[in-house]
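Structural overview
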Amino acid sequence: MADIVLDKVSKKFPDGTVAVQDVDLEIADGEFVILVGPSGCGKSTTLNMIAGLEDISSGELRIAGQRVNDKAPRDRDIAMVFQSYALYPNMTVRENMAFPLRLAKLDRATIDAKVDEAAKVLELTPLLDRKPANLSGGQRQRVAMGRAIVRQPKAFLMDEPLSNLDAKLRVQMRTVVSRLQKQLGTTTVYVTHDQTEAMTLGDRVVIMRGGAVQQVGPPQELYDHPRNLFVAGFIGSPSMNFLHAAVSEGRLRTALGDVAIGDRLRRQIEGADAPRELILGIRPEHFEDAELIDEETRRRGMEFDAPVDIVESMGSDKYVYFTVEGERATAAELEELAADAGAADFAGAGSSLVTRLSAESAVREGENRRVWFNLDKIHLFDPSTGRNLTLHEGRAAGALAD
Amino acid sequence: MSINATPTGADVAADETATRSTGRHAAVPAQRAGRRAKAPLSENKRAERRLGWLLCAPAALVMVLVTAYPILYSVWLSLQRFDLRFPDQREFIGLDNYVTVLTNQFWWTAFGVTALITVVTVAIELVLGMGLALIMHRTLVGRGIVRTAALIPYGIVTVVAAFSWRYAWTPGTGYLANVFDGSAPLTERASSLAIIMLAEIWKTTPFMALLLMAGLALVPEDLLKAASTDGATSWQRFTKVMLPVMKPAILVALLFRTLDAFRVFDNIFVLTAGGNETSSVSMLAYNNLIRGLNLGIGSTMSVLIFIAVAIIAFVFVKLFGTAAPGSDDGERR
Ligand SMILES: Nc1ncnc2c1ncn2[C@@H]1O[C@H](COP(=O)(O)OP(=O)(O)OP(=O)(O)O)[C@@H](O)[C@H]1O
Ligand SMILES: [Mg+2]
């Protein structure tokens, strides 16, 4: 067990591609850190550098306080789990799990004891004499985990370990991974594409984009207080709604009506070089059917009328899609997010608004509905830099804050 | 004829006892069930299989015409006394030619030379070819140039290459002979064989490397990364991960090269013409068949070479059965 420190670590491939740029990250002993980001943002490269499978172009990597830039993977005492599982096809499950121990020249009895122990934890005991080809995807995944845990390494590195499993198995394995990590208390860096894994598994989440770290923090903090447009759009499912907002006479003109802003925000956007156009972001759960709001709450927000497109009742609440008129929000980040998620999944920047209303709402498809939204919870972003303007000392304060 | 009759008779007898003990009604369904369990073919599968046969048919037909006929004709010739110098004495003599050849000291010397060349060249080619394959697989810069350079020997006509080796080893004019004080290595048996093997190895190592490189491409990158993090040195990665995964490709390469090497001819023909007991079996067959005009003995040797090659192929194919990585054939049997 050990802490891992990345100090301005960069990776430049021989063909000139800069896959990772000046990443600073301190991973505490026993911490579970998640790396997320769109495809090609350098997550695997970062992990491979920690493992020693890729050379570090510049910067320093320290494991347990020791500089390991030039150490071979076998001298770093780190175990890695791959998306493809990377099980040795010619060895049985037992041999696969024993492989790292055999290489470490442990004696037979110790090896057998450790393998049996790990097999028991992962419920692999009946499969020990099978070859990987004769295992299901979930079983192969568990063998890969088993091979990682038998040697009690300083850290686990996992590169999308659950991505090849079907949805149900993934949920099941997620709890296995989580429980295992808590039991063993081993420092873990986990790369994923999956929102839910990112939100539920880790102590902290690192969001990467184009090789650079965007924000690091506990999942809830990233969700509530995104530092920029990219983080706001990346975290959350369905994603945050983004609307075009024009600044005029101390108010914001948006498709949902004119939004009043507080003093602090006004000072920020009144400077000479301040942007005249902003992007307003608001999450689906901060909308509510106007009929279901009490007076007290109503005062903290604003209301608008819009035609209902689709109603999806989830039982506990309803996802309601509205069509809104007006200019679309445009920014490089939003395009990138849409490209990564596939346009269908990322409705954030479209002309349709995703809201989550309570189940009691009598909303029906085709009608015009009056909807309330919470002004305390809106975010305003500068489209050119992506910066969240509502953030004050790391906390999002909404539009009205003084 | 008597040899043929015995097994057939035994079969019939066994069939009859089976029928008698279980009764005809019981025996027939059992047999049918057995067949169905072996190949449960749906209508679709059967149509697919028929199409497969149809697609093979033209190629199979050509094969029969151009290979089966000569083979059968050789077998037929090998059963006769047939020397073109004495055409009147042509006569069917059964297996006498085989007795003659298999008791002949020249045949066994040639067989020994062939076996030696086969084993030594294939072994060295495997090692060198693997090294070359690893280099070609790994090089990132100038990949095309490295590969082209490595493949040049394989692209040169064997006879041309053999002549260049012969001249190189000719005392007085050859650059290699001069290096060794103008000795004449091609006039002595041991050094001749060494030079023949050298020429073979130089010529065909690239082919071996090419086949092995195809095998290297089969080893997933993740597997090697996993082995690295599991603590394997590069040698351990090679022996414990790469080689087992590549085993089918290695066997294919070995099979091709063994079959080729066993039929070695052109290098010997050019370098020593079989002098100083350096003949291979192919060389000996050629000498009897084409130069000696003894069709009977020459054909017998050809058939024996064919049988030897068939045995080699059979052994390798048996090895393949359990070679596919991840297959659990070993456990099921
Ligand atoms: N060997 C290489 N040479 C050049 N560029 C590379 C190499 N390997 C990766 N890259 C580039 O580096 C960037 C980061 O790649 P990386 O594999 O780390 O992405 P990732 O975040 O893991 O993506 P994914 O989610 O798709 O796995 C990509 O743009 C990729 O094209
Ligand atoms: Mg990746």
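On a predicted model such as this, the values are computed, not experimentally measured, just so you know.

**Regarding the overall build of chain A**
Within chain A one finds 11 helices and 22 strands. Projected onto its principal axes, the C-alpha coordinates of chain A cover approximately 75 × 45 × 35 Å. For chain A, the proportion of its 402 residues judged to be buried stands at 53%. A separation of at least 24 residues holds for 71% of the contacts in chain A among residues at least 6 apart in sequence. In the structure as shown, chain A presents an accessible area of about 17300 Å², 46% of it carried by carbon and sulfur atoms. Side-chain charges of chain A comprise 49 positive and 61 negative groups, with the mean position of each set lying 6 Å from the other.

**Let's talk about a nonpolar patch on the surface**
Residue and element names in this part refer to chain B. Taken together, the side chains of Ile 71, Val 75, Phe 306, Ile 307, Ile 311, Phe 314, Val 315 and Leu 319 present a nonpolar region at the surface, about 690 Å² in accessible area. Of all the secondary structure elements, the ones that give two or more residues to the nonpolar patch are helix 3 (43-78) and helix 14 (295-320). Looking at which element gives the most residues to the nonpolar patch, the answer is helix 14, with 6 residues. Inspection of the secondary structure puts Phe 314 in helix 14.

**Description of the site of ligand 1**
Residues and elements named next belong to chain A. Neighbouring ligand 1 are 13 residues; Ser 39, Gly 40, Lys 43, Ser 44 and Thr 45 lie closest to it. Between an oxygen atom of ligand 1 and a main-chain N or O atom of Cys 41, the distance comes to 3.2 Å. Residue Gly 42 places a main-chain N or O atom 3.0 Å away from an oxygen atom belonging to ligand 1. In isolation ligand 1 offers 640 Å² of accessible surface; the protein chains occlude 61% of this area. In terms of residue count, helix 1 (residues 43-51) provides more of the shell around ligand 1 than any other element does, 3 residues in total. In terms of residue class, the shell around ligand 1 is built from 3 nonpolar, 7 polar and 3 charged.

**Concerning the sheet that holds strand 18 (residues 352-358) of chain A**
Residue and element names in this part refer to chain A. Ordered by their spatial adjacency, 5 strands build an open sheet running 15-19-16-17-18, and the pairing between neighbours is antiparallel. The open sheet has two edge strands, strand 15 (287-289) and strand 18, and neither has a second partner. Each neighbouring strand pair of the sheet contributes to a mean axis angle of 50°, computed without reference to strand direction. Pairing of strand 16 (residues 301-313) with strand 19 (residues 368-374), which is carried by 7 bridges, proceeds in the antiparallel orientation.

**Here's the deal with the domain arrangement of chain B**
Residue and element names in this part refer to chain B. According to the domain assignment, chain B consists of domain 1 (2-78) and domain 2 (99-332). If you look at the interface, domain 1 gives 5 residues, while domain 2 gives 6 residues. The contact between domain 1 and domain 2 buries some 420 Å² in all, and 78% of this surface belongs to carbon and sulfur atoms. Sorting the residues of domain 1 by area buried against domain 2 places Ile 71, Leu 77 and Ser 78 first, and these three jointly supply 74% of that buried surface. Where domain 1 meets domain 2, there are 0 salt bridges. At the junction of domain 1 and domain 2, the tally comes to 1 residue pair in polar contact (both at pLDDT 80 or more).

**Focus: the pattern of salt bridges**
Counted according to the given criterion, the structure contains 32 salt bridges over all chains. Residue Arg 370 of chain A pairs with Glu 303 of chain A through a salt bridge whose shortest N-O separation is 2.8 Å. One end of the pair, Arg 370 of chain A, is in strand 19; the other, Glu 303 of chain A, is in strand 16, with 67 residues separating them in the sequence. Residue Glu 43 of chain B pairs with Arg 46 of chain B through a salt bridge whose shortest N-O separation is 3.8 Å. Placement of both Glu 43 of chain B and Arg 46 of chain B in helix 3 is noted, with a separation of 3 residues, approximately one turn of the helix. Taking relative accessible area as the criterion, Glu 43 of chain B reaches 54% and is therefore assigned exposed. One connected set of salt bridges, linked through shared partners, spans Asp 7, Glu 60, Arg 62, Arg 67 and Asp 70 of chain A.

**Focus: the environment of Thr 103 of chain B**
Residues and elements named next belong to chain B. On the secondary structure map, Thr 103 appears in the loop between helix 4 (96-102) and helix 5 (105-138). Note: C-alpha distance between Thr 103 and Ile 201 (98 residues apart in sequence) is 32 Å. Polar side-chain contacts of Thr 103 include one of 2.7 Å to the backbone oxygen of Val 99.

**Regarding the confidence of the model for chain B**
Residues and elements named next belong to chain B. Taken as a whole, chain B shows an average pLDDT of 80; of its residues, 83% reach a score of 70 or greater. The model gives residues 1-37 a pLDDT under 50, and that stretch makes 3 contacts with residues more than four places away or in other chains. For the stretch residues 324-333, pLDDT sits under 50, and the model shows 15 contacts to residues farther than four places along the chain or on other chains.

**Comments concerning the side chain of His 286 of chain A**
Examined against the element boundaries, His 286 of chain A turns out to sit in the loop between strand 14 (277-282) and strand 15. Beyond its immediate stretch of four places on either side in the chain, His 286 of chain A contacts Trp 372, Phe 373, Asn 374 and Lys 377 of chain A.

Cut-offs applied
- The residue numbering used here restarts from 1 in each chain and proceeds along that chain's sequence as written.
- For naming, the first written chain is A and the first written ligand is 1, with later ones following in the order written.
- Thresholds applied to this predicted model are a pLDDT of at least 70 for local features of residues and 80 or more for the giving and counting of side-chain atom pairs; totals over whole chains, interfaces and linings are not thresholded and use all residues.
- Each side-chain value is derived from all of the structure's non-hydrogen atoms; neither hydrogens nor water enter the calculation.
- By definition, any uninterrupted DSSP run of H or I lasting at least four residues is a helix, any uninterrupted run of E lasting at least two residues is a strand, and each is numbered from the N terminus.
- Working definition: with a 1.4 Å probe on protein chains only, accessible area under 20% of the residue-type maximum means buried, over 50% means exposed, and in between means partly exposed.
- In what follows, a contact means two residues having at least one pair of non-hydrogen atoms within 4.5 Å.
- Every accessible area reported is derived by Shrake-Rupley at a probe size of 1.4 Å, with residue values counting cover from the shown protein chains alone.
- By the counting rule applied here, Lys and Arg register as positive and Asp and Glu as negative, while His and the ends of each chain are not counted.
- By convention, the point assigned to a charge is CZ for Arg, NZ for Lys, CD for Glu and CG for Asp.
- Put simply, a patch holds well-exposed residues, over 30% relative accessible area, that have no salt bridge, with like charges counted together within 9 Å and Val, Leu, Ile, Met, Phe, Trp or Tyr side chains within 5 Å.
- For this analysis, a salt bridge means a side-chain nitrogen from Lys or Arg found within 4 Å of a carboxyl oxygen belonging to Asp or Glu.
- Nearness here has a simple test: a residue counts as near a molecule or strand if at least one of its heavy atoms is within 4 Å of that partner.
- Under the rule applied, a polar contact is a pair of N or O atoms within 3.5 Å (in protein, one hydrogen donor and one hydrogen acceptor; residues adjacent in sequence only if both atoms are side-chain atoms).
- Each residue is assigned to one class: nonpolar for Ala, Val, Leu, Ile, Met, Phe, Trp, Tyr, Cys and Pro, charged for Asp, Glu, Lys and Arg, and polar for all the others, Gly among them.
- By this definition, two strands are paired if DSSP reports at least two bridges between them.
- Axis geometry follows a simple rule: fit a line to the C-alpha atoms, using only the stretch in contact for helices, then measure angles between N-to-C directions, giving values from 0 to 180 degrees.
- Each domain span listed reflects an automatic or database assignment of domains.
- Buried area: the accessible surface (1.4 Å probe) lost by two parts on joining, summed over both.
- pLDDT expresses, on a scale from 0 to 100, how confident the predictor is about each individual residue.

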